[in-house]
Amino acid sequence: MTVRVGVIGAGWIGHEHIRRLTHTVTGARVTAVTDIDAARAEEAAAPVGAQVLPDGAALVASDDVDAVLVTSWGPTHAEHVLNAIAAGKPVFCEKPLATTAEDCLKIIEADTAHGRRLVQVGFMRRYDAGYRQMKQVIDSGRIGEPLIVHCAHRNPTVPESYTSAMAALDTAVHEVDVLRWLPDDEIVSTRVVAPRATGKRFEHLKDPQIMLFETAKGVRIDLEVFVNCQYGYDIQCEAVGEEGLVRLPDPAAVGVRTAARHSTEVLTDWVGRFADAFDTEFREWIANLAAGDEPTGPSAWDGYAATVITAATVEALETGRVVVTDLKPRPALYGGTA
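Residues numbered from 1 in each chain as written. Predicted model: local features only at pLDDT ≥ 70, side-chain atom pairs only at ≥ 80, totals over all residues. Heavy atoms only, no water.

1. Section: the pairing of strand β6 (residues 119–122)
Successive residues of a regular strand alternate their side chains across the two faces of the sheet.
Argument step 1. Residues Val-119 and Val-121 point to one face of β6 and Gln-120 and Gly-122 to the other, with burial holding for every one of them.
Argument step 2. Across 4 bridges, strand β5 (residues 91–94) lies against β6 in parallel orientation. Its bridge partner lying in β6, Val-91 is registered against Val-119.
Argument step 3. Handedness of the β-α-β unit built from β5, helix α5 (residues 101–114) and β6 comes out right-handed. (Buried < 20%, exposed > 50% of the residue type's maximum accessible area, 1.4 Å probe, protein only. Helix = DSSP H or I, 4+ residues; strand = E, 2+ residues; numbered from the N terminus. Pairing = 2+ DSSP bridges. Right-handed = clockwise from strand over helix to strand, strands pointing away.)

So this is what it looks like as structure tokens:
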């Protein structure tokens, strides 16, 4: 079975996923594209022979679309995801699922009423080989019960439009998801500490930030978000257990010996760091749909949790307080008891 995918949003990430679905993933064909900028939609659609439709509602309703990919502006995500659920079509939504907890809960209610998962959220870290190896080690019990997790998310630079709140909402959101998934535990509180600011930042920005999370089982997590580190794009994660630890490997790179130095390259952006994870993410999504199965990746509940936790982290940054995340009970559709 070939899964016919309609893409809502033809910006950079939309273009990338159209390329991925066309040239990297088997069993998929992009059949429709829409964007608020019709010329941009045409530019994305023409090379793959897809039709351009006037808006998201028309794309979701199209008989030529089996599944929907949402890569539009964040505040529009809830509308498109809800339309897809109403049409009974699987929908892959890049983060955020929605920009408010209220809209996320509407999506969860609709997904639950459908009775079968339709929604997958684009948290690609779960598809990275290193993170998957960490997950296997933790689940196997080889390091005992997790006690502490140390993390870092470093970017070389960010533009002047980047705000202090974006450190949680746009940057740390991927760690928030993977840090819930790795120990199979929920984040129940958050706090932010601002150390001495780097002189390499724009004046309005608090950078770096140290985010401190506590889980329901008492695991303590520290996450350094440093978005002007200058030297490269660097993702670190180490889980410390009762009997050992497991550490995320750096991306494979050759060692170079020259001019009396031994060096290895550091990547400079997230595209190169997680390209394979993106490919795996979409291969598995399409394979599940082609087999008639539910999506198995991050769910609408995971999208809701990330939205709530990152919003609480922004509040913690602005108030200096420890903020409780206060998640609603998890529905049975997503492995809960509610």
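2. Some words on the sheet that holds strand β15 (residues 323–324)
Argument step 1. Ordered by their spatial adjacency, 7 strands build an open sheet running β12-β11-β7-β10-β9-β8-β15, and the pairing between neighbours is mixed. Each edge of the sheet is formed by a strand with only one pairing partner; in this case those strands are β12 (245–247) and β15.
Argument step 2. Where strand β8 (residues 187–193) meets β15, 2 bridges bridge the pair, whose relative direction is antiparallel. When the bridges of β15 are listed, Thr-190 appears paired with Val-323.
Argument step 3. Of the strands in this sheet, β7 (146–154), β11 (234–241) and β12 touch helix α6 (residues 129–140), which is tilted by about 5° from β11. (Contact = heavy atoms within 4.5 Å. Axes fitted to C-alpha atoms, helices over the stretch in contact; angles between N-to-C directions.)

3. Focus: the packing of aromatic side chains
Argument step 1. Under the definition given, this model contains 7 aromatic pairs.
Argument step 2. Judged by centre distance (6.1 Å) and plane angle (90°), the ring pair of Phe-282 and Trp-285 falls under edge-to-face. Of this pair, Phe-282 and Trp-285 both sit in helix α8 (residues 270–290), 3 residues apart, which is roughly one turn of that helix. For the residue pair Phe-282 and Trp-285, the accessibility class agrees, reading buried in each case. (Phe/Tyr/Trp six-rings, centres within 6.5 Å; stacked < 30°, edge-to-face > 60°.)

4. Overview of a nonpolar patch on the surface
Argument step 1. On the surface, Trp-12, Trp-270 and Val-271 cluster together into a nonpolar patch covering about 290 Å² of accessible area.
Argument step 2. Checked against the element boundaries, Trp-270 lands in helix α8. (Patch = residues over 30% accessible without salt bridge, like charges linked within 9 Å, V, L, I, M, F, W, Y side chains within 5 Å. Areas by Shrake-Rupley, 256 points an atom, 1.4 Å probe, with all protein chains shown as cover. Salt bridge = Lys/Arg side-chain N within 4 Å of Asp/Glu carboxyl O.)

5. Some points on the pattern of salt bridges
Argument step 1. Taken as a whole and judged by the stated rule, the model has 23 salt bridges.
Argument step 2. The closest approach of N and O atoms between Arg-180 and Glu-186, which form a salt bridge, is 2.6 Å. For the pair formed by Arg-180 and Glu-186, the shared burial category is buried.
Argument step 3. With a shortest N-O distance of 3.0 Å, Arg-321 and Glu-315 are connected by a salt bridge.
Argument step 4. Through salt bridges with shared partners, a single network forms among Arg-126, Asp-177, Arg-180, Glu-186, Asp-302 and Arg-330.

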